[in-house]
Amino acid sequence: MKKHDLERRLIEFSVDIIKLSRKLDNSYAGKHLSSQLIRSGTSVSLNYGEALSGESKRDFIHKLKIILKELRETYICLTIIKETFLCRDCKLLEEVKIEANELICIFVTSINTTFKNLNLKNKSL
């Protein structure tokens, strides 16, 4: 996947998170989880922009790990929302949850590959 394609995918994910947050129950729990979901779910696209401007490979890996952490937090938040029936749009919720899981897999692979390449380069010096 090209950097631009992943960036676009992350932006679309963040947009879907905002759309989903508008469909949550207006209860205290719904508002609380909506706020949490917006923070973690939109930070992934913003942090990706920072990762692309990393000062070094180690900085790049560090920023990718932050994105992964935020994606996992978002996934858990989505699971809580689903299991407590706080969302009025089950289809969108499930689509966003699937996308979060796919993005987690992408970032786990990217981190492992980048780290492996960094270690191989360090060993050859």
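That block above? That's the structure.
Residues numbered from 1 in each chain as written. Predicted model: local features only at pLDDT ≥ 70, side-chain atom pairs only at ≥ 80, totals over all residues. Heavy atoms only, no water.

J.: Please give an account of the overall build of the chain that cites residues and values.
T.: Scanning the chain from terminus to terminus reveals four helices and zero strands. Viewed in the frame of its principal axes, the chain has a C-alpha envelope of about 60 × 25 × 20 Å. Burial statistics for the chain: of 125 residues in total, 40% are counted as buried. Within the chain, contacts between residues separated by at least 24 positions form 76% of all contacts whose residues are at least 6 apart in sequence. As displayed, the chain offers around 7700 Å² of accessible surface, 56% of which is attributable to carbon and sulfur atoms. (Helix = DSSP H or I, 4+ residues; strand = E, 2+ residues; numbered from the N terminus. Buried < 20%, exposed > 50% of the residue type's maximum accessible area, 1.4 Å probe, protein only. Contact = heavy atoms within 4.5 Å. Areas by Shrake-Rupley, 256 points an atom, 1.4 Å probe, with all protein chains shown as cover.)

J.: Let's hear about the packing of helix α2 (residues 28-52) against helix α3 (residues 57-83): which residues, and what values?
T.: Viewed as axis vectors pointing N to C, α2 and α3 meet at an angle of 155°, and their least axial separation amounts to 9 Å. In terms of orientation, α2 and α3 fall into the roughly antiparallel class. Classified by chirality, the crossing of α3 by α2 is left-handed. (Axes fitted to C-alpha atoms, helices over the stretch in contact; angles between N-to-C directions. Parallel < 35°, antiparallel > 145°, perpendicular 65-115°, else oblique. Left-handed = near helix turned anticlockwise from the far one by under 90°.)

J.: Please set out the nonpolar core residue by residue, giving values where relevant.
T.: The biggest cluster of nonpolar side chains holds 31 residues, and the ones touching the most others in it are F13, L20, I67, L71, I81 and F107. At the level of elements, α1 (3-21), α2, α3 and α4 (90-124) are the ones that each hand at least two residues to this core. Those residues within four positions of L71 in sequence are excluded, and the remaining contacts are F13, V44, L103, I104 and F107. (Core = buried A, V, L, I, M, F, W, Y, C linked by side-chain atoms within 4.5 Å.)

J.: Which residues make up α3, and what values do they have?
T.: Residues spaced three or four apart along an α-helix point in a common direction, a consequence of the helix completing one turn every 3.6 residues. With 27 residues, α3 ought to run about 39 Å at 1.5 Å a step, and its terminal C-alpha atoms sit 39 Å apart, in line with that. One or two residues past the end of α3 sits F85, with phi positive at roughly 55°. (Expected span 1.5 Å × (residues − 1).)

J.: I'd love a proper account of unusual backbone geometry, names of residues and values included.
T.: If you check the backbone angles, F85 has positive phi at about 55° while not being a glycine. Assignment of secondary structure puts F85 in the loop between α3 and α4. Relative accessible area serves as the criterion here: at 73%, F85 is assigned to the exposed category.

J.: An account of the packing of aromatic side chains is requested, with residue identities and associated values reported.
T.: Taken as a whole and assessed by the stated rule, the structure comprises one aromatic pair. With a centroid separation of 6.2 Å and an interplanar angle of 85°, the aromatic rings of Y48 and F107 are classed as edge-to-face. Of this pair, Y48 sits in helix α2 while F107 is found in helix α4, placing the two residues 59 residues apart along the sequence. (Phe/Tyr/Trp six-rings, centres within 6.5 Å; stacked < 30°, edge-to-face > 60°.)

J.: I'd like to hear about the environment of C90, residue by residue, with values.
T.: By the secondary structure assignment, C90 is in helix α4. For the pair C90 and K23, spaced 67 residues apart in sequence, the C-alpha separation works out to 9.6 Å.

J.: Before we move on, could you go through α2 and cite the residues and values that matter?
T.: Taking 1.5 Å per residue as the helical rise, α2 with its 25 residues ought to reach 36 Å, and the 37 Å between its terminal C-alpha atoms agrees with that figure. Approximately 35° is the largest bend angle found in α2, and it occurs at V44. (Bend = angle between axes of the 7 residues up to and from the residue.)

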